[in-house]
Amino acid sequence: MKRIGILGLGYNFPKTILTNAELEKMVDTSDEWITQRTGIKERHIVGNETMANSDMILPAAEKAIAEAGIDKSEIDVIIVGTVTPDYFFPSTAAMLQKKLGIKHAMVLDFSAGCTGFLYGLDIARGLILSGNYKYVLTVGSEQLTKITNWEDRNTCVLFGDGSGAAIVGDMKDDKGHEIIGVLNDGDGHLGDLLIMYGGGSVNPMSHEMIDKKLQYLNMDKGGEVFKHAILNMTKISLNLLKKHDMTTEQIDWLIPHQANIRIMEKVAERLNIPKERVAITVDRYGNTSAASIPMALGTYIDEGKIKEGQMLLMTAFGAGFTWGSAIIKW
Ligand code: ACO
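In this text, all values refer to a predicted model and were calculated from it rather than measured experimentally.

A. The arrangement of the overall build of the chain in detail. A tally of regular secondary structure across the chain gives eleven helices and 13 strands. The C-alpha atoms of the chain give a radius of gyration of 19 Å, which matches the 20 Å a tight globule of 330 residues would have. Considering only C-alpha atoms, the chain reaches an extent of 55 × 45 × 35 Å along its principal axes. Here the chain holds 330 residues, and 55% of them are scored as buried. Considering only intrachain contacts with a sequence separation of at least 6, the fraction spanning at least 24 residues in the chain is 76%. Of the side-chain charges in the chain, 34 are positive and 41 negative, and the distance between the mean point of each set is 2 Å.

See below:
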């Protein structure tokens, strides 16, 4: 069996910072409420910059390609997990391909909410195992602030913008970080708890749709989302560990989706992983959805916290609902 791994990693985020103090001037909220309920202190946002999602991905993708030590022309698939694409079509993957200057690759976007990066690793691994493709540029990237209703205090304090990119390929010569296992799941029955109602086939773009503010991300019952996130992230992580005959004692770092510090603490507690071994970046980036895991991973590597040879457990939950887990030997 081929060993499939992450051969290179990159992440990127916009320069503009939006602090809790600034949000206090925009909606009826407080730094204290946001910090206590979510752990977020600030987030990076596109703001007034002219930057498409694919523009934001480009430096992350270039870094991943350089680290993998491959020529970009060798990439034969680009997949982008996002709910904030450049356009409905063509795909953000196609726009990224153009910006990278690559002429031949299968290019596609997929919508898996905050589980985008883990769904991406699963898809990439399967495509490489098919024998038809060599290197998959796997991206999780969101500009959720472009679909945020800045008058809705229930959601506008939660999100930030950012991108993560990885080159996934065969670990020949033992180069790379092995994906020991990856498992994903989903259930559409509660999909309307976290949804953007407008713009698609149900509510096509119209003045009426805009008047009803359907062009924004909508979250009903944050507490329900919270509960399902904890349950499913814990369950799928335990299932994956069991599948690979592993226990959480073998895990050096838990890298959970960075939605909310309380969700992460509860998942860690249920998995019996001490908080010193949990990667946390939600305080500085907010919830960057599909980008949050590669951004946390990259940040912890840059800070020298995550080291070569360590065992990583990743888990995420998001719109759909979707959820997943991955074990990677870094
Ligand atoms: N500032 C001040 N007060 C607020 C704010 C705010 N920004 N937002 C909501 N409130 C109020 C509510 O109106 C409510 O007031 P009320 O009791 O008078 O009605 C009160 O705070 C308590 O609200 P709750 O919803 O009970 O607060 P909770 O402790 O559940 O925290 C939160 C809310 C942070 C949204 C939490 O439920 C959560 O994190 N859920 C997960 C949702 C999430 O992360 N979604 C992102 C996408 S999915 C994902 O990434 C996993």
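B. Local environment of a positive patch on the surface. Taken together, the side chains of Arg37, Arg262, Lys266 and Arg270 define a basic patch exposed on the protein surface. If one sorts the elements of the positive patch by residue count, helix α9 (residues 261-271) sits on top with three residues. Tracing the backbone through its elements, the reader meets Arg270 in helix α9. Residue class for Arg270 comes out partly exposed when judged on its relative accessible area of 47%.

C. Fine view of the site of the ligand. Taken together, 22 residues surround the ligand, and among them Thr29, Arg37, Arg153, His257 and Asn260 come closest. A distance of 2.6 Å is found between an oxygen atom of the ligand and a side-chain nitrogen or oxygen belonging to Asn260. Protein chains shield 73% of the accessible area of the ligand, which is 1,000 Å² for the free molecule. Of all the secondary structure elements, the ones that give two or more residues to the shell around the ligand are α2 (31-38), α6 (153-156) and α8 (222-243).

D. Structural context of the pattern of salt bridges. Counting across every chain of the model gives twelve salt bridges. One salt bridge in this structure joins Glu74 and Lys134, with 3.6 Å as the shortest N-O distance. Highlighted residues: Glu74 in the loop between α3 (53-68) and β4 (75-81) and Lys134 in the loop between α5 (116-129) and β6 (135-143), separated in sequence by 60 residues. Glu74 gets classed as partly exposed once you look at its relative accessible area, which sits at 29%. The class for Lys134 is partly exposed, based on a relative accessible area of 41%. Residues joined in a network through salt bridges with shared partners are Arg3, Asp174 and Glu178.

E. Here's a closer look at the nonpolar core. Counting 42 residues, the largest nonpolar core has Ile263 and Leu313 as the members making the most contacts within it. Elements represented by at least two residues in this core include exactly β10 (217-219), α8, α9, β12 (311-318) and β13 (322-329). With eight residues, the top contributor of residues to this core is α8. Built from parts of two domains, this core gets at least three residues from each of domain 1 (4-176) and domain 2 (179-329). Sequence-distant contacts of Leu313, defined by excluding residues within four places in its chain, comprise Ser237, Leu241, Ile251, Trp253, Leu254, Ile255, Leu271, Ile273, Ser325, Ala326 and Ile327. In this structure, Leu127, Ile128, Ala296 and Ile328 belong to the second largest nonpolar core, which totals 32 residues.

F. The domain arrangement of the chain, seen in detail. When cut into domains, the chain gives domain 1 (4-176) and domain 2 (179-329). Between the C-alpha centres of domain 1 and domain 2 the distance comes to 14 Å. Contact residues are listed per partner, giving 47 residues for domain 1 and 52 residues for domain 2. Buried area between domain 1 and domain 2, summed over both chains or domains, comes out near 3,800 Å², and the portion from carbon and sulfur atoms is 64%. For the pair domain 1 and domain 2, the number of links is one salt bridge. Across the pair Lys213 and Glu151 runs a salt bridge, and its minimum N-O distance is 3.4 Å. Our enumeration of links across domain 1 and domain 2 arrives at 18 residue pairs in polar contact (both at pLDDT 80 or more).

The rules we used
- One numbering rule holds for all chains: residues counted from 1, following each sequence as written.
- pLDDT decides what is reported in this predicted model: residues at 70 or higher carry local features, side-chain atom pairs at 80 or more are listed and counted, and totals for whole chains, interfaces and linings draw on all residues regardless.
- Working from all heavy atoms in the structure, the side-chain values ignore hydrogens and water.
- A run of DSSP states H or I qualifies as a helix once it reaches four residues; a run of E qualifies as a strand once it reaches two. Both are numbered from the N-terminal end.
- Each radius of gyration is computed over the set of C-alpha atoms, and the globule rule expresses the reference value as 2.2 Å times the number of residues to the power 0.38.
- With a 1.4 Å probe rolled over the protein chains alone, any residue whose accessible area is under 20% of its type maximum counts as buried; one over 50% counts as exposed, and the rest are partly exposed.
- In what follows, a contact means two residues having at least one pair of non-hydrogen atoms within 4.5 Å.
- A residue counts as positive if it is Lys or Arg and as negative if it is Asp or Glu; His and the chain ends are not included.
- Working definition for charges: the position is that of NZ of Lys, CZ of Arg, CG of Asp or CD of Glu.
- Each patch is built from residues lacking any salt bridge and having more than 30% relative accessible area; the joining distance is 9 Å for like charges and 5 Å for nonpolar side chains (Val, Leu, Ile, Met, Phe, Trp, Tyr).
- Shrake-Rupley sampling with a 1.4 Å probe provides the accessible areas, and residues are treated as covered by the protein chains on show and by no other component.
- Just to be clear on terms, a salt bridge is a Lys or Arg side-chain nitrogen sitting within 4 Å of an Asp or Glu carboxyl oxygen.
- Throughout, the term near means that a residue has one or more heavy atoms lying within 4 Å of the molecule or strand in question.
- Polar contacts, as used here, are pairs of N or O atoms within 3.5 Å; protein pairs need one atom able to donate a hydrogen and one able to accept it. Residues neighboring in sequence count only if both atoms are side-chain atoms.
- Buried residues of nine kinds, namely Ala, Val, Leu, Ile, Met, Phe, Trp, Tyr and Cys, make up a nonpolar core once their side-chain atoms join them within 4.5 Å.
- Segmentation into domains, and thus their bounds, comes from an automatic or database assignment.
- Buried area is understood as the total, over both parts, of accessible area removed when two parts are fitted together, assessed with a 1.4 Å probe.

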